[in-house]
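# A closer look at the structure
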Protein chains: 2
Amino acid sequence: MKQSLGLFENITGVSDAAKQGFISLLEEVKTEKGHKLEQEGQVSHHLYYIAEGSARSYYVRDNRDITVSFSLAGEFVTAMHSFITRSPSYETIETLEKSIVYRISYEDLQQCFLDFPDMERTYRIILEKYYIALEEQLIFSKFKSAKDRYLELMENKPKIIQKASVGQIASFLDMTIETLSRIRAKI
Amino acid sequence: MKQSLGLFENITGVSDAAKQGFISLLEEVKTEKGHKLEQEGQVSHHLYYIAEGSARSYYVRDNRDITVSFSLAGEFVTAMHSFITRSPSYETIETLEKSIVYRISYEDLQQCFLDFPDMERTYRIILEKYYIALEEQLIFSKFKSAKDRYLELMENKPKIIQKASVGQIASFLDMTIETLSRIRAKI
DNA sequence: CTGAGTTTTTGACTTTTATCAAGGGTTTAT
DNA sequence: ATAAACCCTTGATAAAAGTCAAAAACTCAG
C-alpha cells in the first residue's frame, strides 16, 4: 500500500497535506528483472522509490558496462544529473530483479514543491542523505585497495553481492572481473 | 559588499525578503592563508561562501594528509557530513590563501528555512549542484588513468594547480607525489 | 648572501592490478 | 541429451603506479 511505504520515516516538519499530496502523485510500476527505468540518451523524467527489489545504474563506455551505483528497497533513485538539469542522461537504470517501484514525474514534483512548500524540505533532506552517501563513497574509494573495497561492500551492502553479477560488482568497485575473482578466491 | 556577492545568481523563485533575511545572517570573516575554517573532531557549525580566495578540505589518515576537495571563490563549502548530521567532522577545511568568506551558522540557516520557506529552495538548488558535481567526480575517477585525472583537473580547475602544492593535488587525484611529478615532467 | 629546511624531481626496484589466453561450469534452447 | 552461449576462474605476462632513496630546486630567516 502506498501509505505504508515508509517514505516519510525520519522526516519531520512536513504537513500531512503535503505527504498526501505527494503520495497521490506517485505511480506504481511493477517490473520484471532487467526492466529499464531510465535510458541513456533520454531525459530522466521520474524520481523512483524502490518499494521492493533493487536496481543498478550504469553507463557504457568503450564497449564496457560500468556500474555507477546499486539501489536497494527503501531507497530513491534516478539519473540525478539528467533529472536535475533536464538534459539527456548518460546513464541507464535497470532493475536487478522483479521489483515494485513508485515514481513521480519531474513536473509533478515541481508542482508539489509549489503547492506544498514544506515538501521542499523532504526533498532537501533526501538530497542531503544522498550527498553524504556519495561523499563517503568517494572518500572511501580514494585510499582503499581492491581487496578492501570488496570487503567494505560485503560489510555495507551484502545484498548486492547476492543480487549482482561479478562483472557488475567489479565495475562498481573499479577493478576487473579477474581481480575480483582472485580476491574472492582468497577469502 | 554583501549585496553583490552573486550568491543568488541563477536562482529563481526566492523572494527578496528571503534573500535579505539570509544575507542579514551572514558574517564576514577575513582570513590569512592556512586559517582553519573547520576542524576535524568538532561539529561543523557554519556553511561558508567563499567571496575571495580558496579553500581545501582534507583529512588525515595513517599520518597522510588526504585532500577531499578544493573550493574556489563563488562556491559554498563546509564539512557537509558533520554540518548535516551534527556529528564531529572527520575533515578539516583551511584556506589556501588570504581569503574573504561569509558564513551562516547552522541554527541561523534552519531558522531561515522556517522564516522563509522559499529559502529552502535556494539551499536545495545549491545541494543539487553539489550533488551533481560530486557524482561527476566519482564517475570520472572510476575509469581514468592518473595522467587523465591530472589533465582533467588542469582543464576544469586550473586555478587549483597554481594555488595548491604538489602533495595536496596528488592526494586529491589519488596518486603519489612521485607519480604526479612524473606526469608533469612528461607534458 | 647563505645555509637550514622544505618541496619537488629523478632513479632503481617492488607491488598491485590489468590484459590476454585458455579452461571449467552452468544455463538454455533445440 | 547435447551443443551453444555465457559466466566465472585460473595462469602467464605486461603495464601502471607505489615505495624507498637520493639529488636538485626552491624558500626564507638570519
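First, a word on what this report is: a plain description of the structure on this page. By convention here, each chain's residues receive numbers from 1 onward along its written sequence. Chain letters and ligand numbers both follow the written order, the letters beginning at A and the numbers at 1. With pLDDT at 70 or above as the cut-off, local features in this predicted model cover only qualifying residues; side-chain atom pairs require 80 or more to be listed or tallied, and sums for whole chains, interfaces and linings still use all residues. Values shown for side chains rest on all heavy atoms present in the structure; no hydrogens or waters enter the calculation.

A few words on the protein's contact with DNA strand D. Any residue with a heavy atom lying within 4 Å of a molecule or strand is counted as near it. Not every one of the 15 residues close to DNA strand D is listed here, only the nearest: A:Ser181, A:Arg182, B:Ala146, B:Glu178 and B:Thr179. Sugar and phosphate atoms constitute 62% of the interface atoms of DNA strand D, taking the interface as everything within 4 Å of the protein. Pairs of N or O atoms are called polar contacts if they sit within 3.5 Å, as long as, within protein, a hydrogen donor faces a hydrogen acceptor (for residues adjacent in sequence, only side-chain-to-side-chain pairs). Note that a phosphate oxygen of DNA strand D is positioned 3.4 Å from one of the backbone N or O atoms of A:Val166. Between a base nitrogen of DNA strand D and a side-chain N or O atom of A:Arg182, the distance comes to 2.9 Å. When residues in the surface near DNA strand D are grouped by element, the largest group, 5 residues, is from helix α8 (residues 177-186) of chain A. We call Asp, Glu, Lys and Arg charged. Ala, Val, Leu, Ile, Met, Phe, Trp, Tyr, Cys and Pro are nonpolar, and the rest, Gly among them, are polar. Looking at side-chain class alone, the surface near DNA strand D contains 5 nonpolar, 6 polar and 4 charged residues. Think of it this way: any DSSP run of H or I at least four residues long counts as a helix, any run of E at least two long counts as a strand, and we number them from the N terminus.

So, about the interface of chain A and chain B. When checking whether two residues touch, look at their non-hydrogen atoms; a contact exists if any pair is within 4.5 Å. Facing the 37 residues of chain A at the interface are 37 residues of chain B. Accessible surface is computed with a 1.4 Å probe, and the buried area is the amount of it that two parts give up when combined, taken over both parts together. Between chain A and chain B lies a buried interface of about 3,700 Å² when both sides are counted; carbon and sulfur atoms form 64% of it. The largest share of the area that chain A buries against chain B comes from A:Tyr131, A:Leu138 and A:Lys142, three residues that together contribute 20% of it. By salt bridge we mean one thing: a side-chain nitrogen of Lys or Arg within 4 Å of a carboxyl oxygen of Asp or Glu. Counting across the chain A and chain B interface gives 4 salt bridges. Put simply, B:Glu120 and A:Arg121 hold a salt bridge, and the shortest N to O gap is 3.6 Å.

This part is about the packing of helix α4 (residues 117-142) of chain A against helix α4 (residues 119-142) of chain B. Angles here are taken between N-to-C directions and fall from 0 to 180 degrees, while the axes themselves are lines fitted to C-alpha atoms, restricted in helices to the stretch in contact. Two elements in contact, α4(A) and α4(B), have axes whose closest approach is 9 Å; the angle formed by their N-to-C orientations is 25°. Viewed along their axes, α4(A) and α4(B) adopt a mutual orientation that is roughly parallel. The handedness of the crossing between α4(A) and α4(B) comes out as left-handed. Considered class by class, the residues forming the contact of α4(A) with α4(B) number 12 nonpolar, 4 polar and 10 charged. These descriptions rest on fixed angle ranges, namely under 35 degrees for roughly parallel, over 145 for roughly antiparallel, 65 to 115 for roughly perpendicular, and the rest for oblique. Note on convention: the crossing is left-handed when the near helix lies turned anticlockwise from the far helix by less than a right angle, right-handed when the turn is clockwise.

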